[in-house]
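Chain by chain, the residues run as shown.
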Amino acid sequence: MYRKITIKYWFFLAIICLVTCASYWLLWSEVRLESAIKPLNKLSRSSTSVDPHNSLTGVDFYDYDEQLVVLYNRVPKTGSTSFVNIAYDLCKKNKFHVLHINVTANMHVLSLPNQITFVRNITKWHQMKPALYHGHMAFLDFSKFQISKPIYINIVRKPLDRLVSYYYFLRYGDNYRPNLIRKKAGNKITFDECVELKQADCDPKNMWLQIPFFCGQAAECWEPGSKWALEQAKRNLVNEYFLVGVTEQMDNFIDLLERSLPRIFQGFREYYQHSNKSHLRQTTSKIPPREETIGEIMKSKIWQMEDELYKFALMQFEFNKRKLTVPDNKHLQKFMYEKIRPK
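Every chain is numbered independently, its residues counted from 1 as its sequence is written. Per-residue local features are limited, in this predicted model, to residues with pLDDT of at least 70; the limit for side-chain atom pairs, both in listing and counting, is 80 or more; totals at the level of whole chains, interfaces and linings are taken over all residues. Think of the side-chain values as coming from all heavy atoms in the structure, minus any hydrogens and water.

## A word on the environment of Arg235
So, step 1. Tracing the sequence through the fold places Arg235 in helix α7 (residues 227–239).
So, step 2. For the pair Arg235 and Phe214, spaced 21 residues apart in sequence, the C-alpha to C-alpha distance is 8.9 Å.
So, step 3. Contacts are assigned to residue pairs with any non-hydrogen atoms lying within 4.5 Å of each other. Ignoring any residue separated from it by four or fewer positions in sequence, one finds Arg235 in contact with Trp228 and Glu240. Numbering goes from the N terminus for both helices and strands, where a helix is a DSSP run of H or I of at least four residues and a strand is a run of E of at least two.

See the structure below:
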């Protein structure tokens, strides 16, 4: 009899312990859930809109701003020197790093070992974050290496304008380093005369640069006139680049970057407008081509394809500018979270 009472006693005691433990576990789970969603609810109630300059305020999403890496694989003669010099002037004030990617012999494509090393450096070099990397190199697809991607940006220019600028730059230099003697110094042949004489310096094949820069590291990217390269460049421009501006609208490009990524680009707009850094590297002497010369260049397949990429980039850039504001064109677009459950 005594043994039966003892068994019942321990049985009921075990039931009570189980119920108590279950209650405490449920209470602990609710507290964890509430603490997890509380920061989001502060940001996300229907009465709270998100400030585009501080959309992560109060929330530590892996310290996003301090891990920010922007990669600017700059196309030559598109105004890139003016842009990066603003970065060098403001990096100390904004507390970010600027690093120039200098590839041997100005090669635009990296060897396979260098690709591996580069993607590891740029993603794991935490002492250099946040950072803006820049250099004259072709697009590199970080997803191939199963590693986190940087934020790509770039600028494009009308292809003939870029070619003419580069043609005279090699002969007369620019206002950035006026005393540096360029390799074509002393050559007085104008661009018009060069086209008329069908010389190599003005060959439309020299325009084949913006397409491969956006296309990437594949061999086909660097084949002048490749339709595949053009289509790949378009895909990368839309899918892999955060923002691509145009030289003729540098101020709007900087404005969009500052509004979108203020951690690095805060103050760039005002500095560009009021400092002497907005027109660096202007070619010292440049003669606009005649209409006959322009017509001759426009017959080439290379110009037509490069111009197609430029217009494609311009259309995307104008689209991004329009989406900055609501239809009345007076108020910035905002977004908010609502109908959040459970409360």
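## Notes on helix α8 (residues 250–260)
So, step 1. Relative accessible area decides the class of each residue, using a 1.4 Å probe on protein chains only: under 20% of the type maximum gives buried, over 50% gives exposed, and in between gives partly exposed. Of all the residues in α8, the buried ones are Met250, Phe253, Ile254, Asp255, Leu256, Leu257 and Glu258.
So, step 2. At its buried positions, α8 is contacted by α2 (80–94), β4 (151–156), β5 (241–246), α9 (262–265), α10 (268–274) and α12 (301–322).

## Quick look at the nonpolar core
So, step 1. Phe83, Phe191 and Phe253 are the most contacted members of the largest nonpolar core, which has 78 residues in total.
So, step 2. Sorting elements by how many residues they give to this core places α12 first, with seven residues.
So, step 3. Residue contacts for Phe253: discarding those within four places in its chain leaves Phe83, Ile153, Asn154, Ile155, Leu243, Val244, Gly245 and Phe317. Only buried residues count toward a nonpolar core. Its members are Ala, Val, Leu, Ile, Met, Phe, Trp, Tyr and Cys residues joined through side-chain atoms within 4.5 Å.

## A word on the packing of aromatic side chains
So, step 1. Ring geometry is summarised as follows: Phe, Tyr and Trp rings, the Trp one being its six-membered ring, pair when their centres sit within 6.5 Å, and such pairs are stacked at plane angles under 30 degrees, edge-to-face over 60 and tilted between the two. Counting across every chain of the model gives 17 aromatic pairs.
So, step 2. With a centroid separation of 4.8 Å and 45° between ring planes, the pair formed by Phe214 and Tyr241 is classed as tilted. One end of the pair, Phe214, is in helix α6 (residues 210–215); the other, Tyr241, is in strand β5, with 27 residues separating them in the sequence.
So, step 3. For Tyr241, a relative accessible area of 6% gives the class buried.

## Focus: the pattern of salt bridges
So, step 1. Salt bridges are counted wherever a side-chain nitrogen of Lys or Arg sits within 4 Å of a carboxyl oxygen of Asp or Glu. Per the counting criterion, the structure on display carries 13 salt bridges.
So, step 2. In this structure, Glu308 and Lys234 form a salt bridge, with 2.5 Å as the shortest nitrogen-oxygen distance. Highlighted residues: Glu308 in helix α12 and Lys234 in helix α7, separated in sequence by 74 residues.
So, step 3. Glu308 sits in the partly exposed class, given a relative accessible area of 31%.

## Some words on the pairing of β5
So, step 1. With five of six residues buried, β5 lies mostly within the body of the structure.
So, step 2. DSSP calls a pair of strands paired once it identifies at least 2 bridges connecting them. Strand direction decides the pairing type here: β4 and β5, joined by five bridges, are parallel. What sits directly across from Ile153, in β5, is Leu243.

## Some points on the environment of Val326
So, step 1. Position of Val326 among the secondary structure elements: in the segment after α12.
So, step 2. Contacts of Val326, omitting those with residues within four sequence positions, involve His331, Leu332 and Gln333.

## A closer look at the packing of α7 against α12
So, step 1. Here, axes are lines fitted to C-alpha atoms. For helices the fit covers the stretch in contact, and angles between N-to-C directions go from 0 to 180 degrees. Here α7 crosses α12 at 15°, and the two axes come no closer than 11 Å. In terms of orientation, α7 and α12 fall into the roughly parallel class. Where α7 crosses over α12, the handedness of that crossing is right-handed. Here Lys227, Leu230, Glu231, Ala233, Lys234, Leu237 and Val238 of α7 come into contact with α12, specifically with Met305, Glu308, Leu309, Phe312, Ala313 and Gln316.
So, step 2. Of the residues assigned to the contact of α7 with α12, the class counts are eight nonpolar, one polar and four charged. Roughly parallel here means an angle under 35 degrees, roughly antiparallel means over 145, roughly perpendicular means 65 to 115, and every remaining angle is called oblique. Left-handed describes a crossing whose near helix is turned anticlockwise from the far helix through less than a right angle; right-handed describes the clockwise counterpart. Residue type decides the class: Asp, Glu, Lys and Arg count as charged, Ala, Val, Leu, Ile, Met, Phe, Trp, Tyr, Cys and Pro as nonpolar, and the leftover types, Gly among them, as polar.

## Quick word on unusual backbone geometry
So, step 1. The step from Lys129 to Pro130 runs through a cis peptide bond, and the omega angle for that step is -5°.
So, step 2. Checked against the element boundaries, Pro130 lands in the loop between α3 (112–124) and β3 (131–134).
So, step 3. In this structure, the amide linkage connecting Arg341 to the following residue, Pro342, adopts the cis form with an omega of -5°.
So, step 4. For Lys198, which is not a glycine, the phi torsion comes out positive at approximately 55°.
So, step 5. The topology assignment puts Lys198 in the loop between α5 (191–197) and α6.
So, step 6. Accessibility expressed as a relative area gives 67% for Lys198, which makes it exposed.
So, step 7. Phi is positive for Lys339, close to 55°, though the residue is something other than glycine.
So, step 8. Following the sequence through the fold, Lys339 ends up in the segment after α12.
So, step 9. According to the relative accessible area criterion, Lys339 is exposed, its value standing at 72%.

The values are spatial; any link to function lies outside them.
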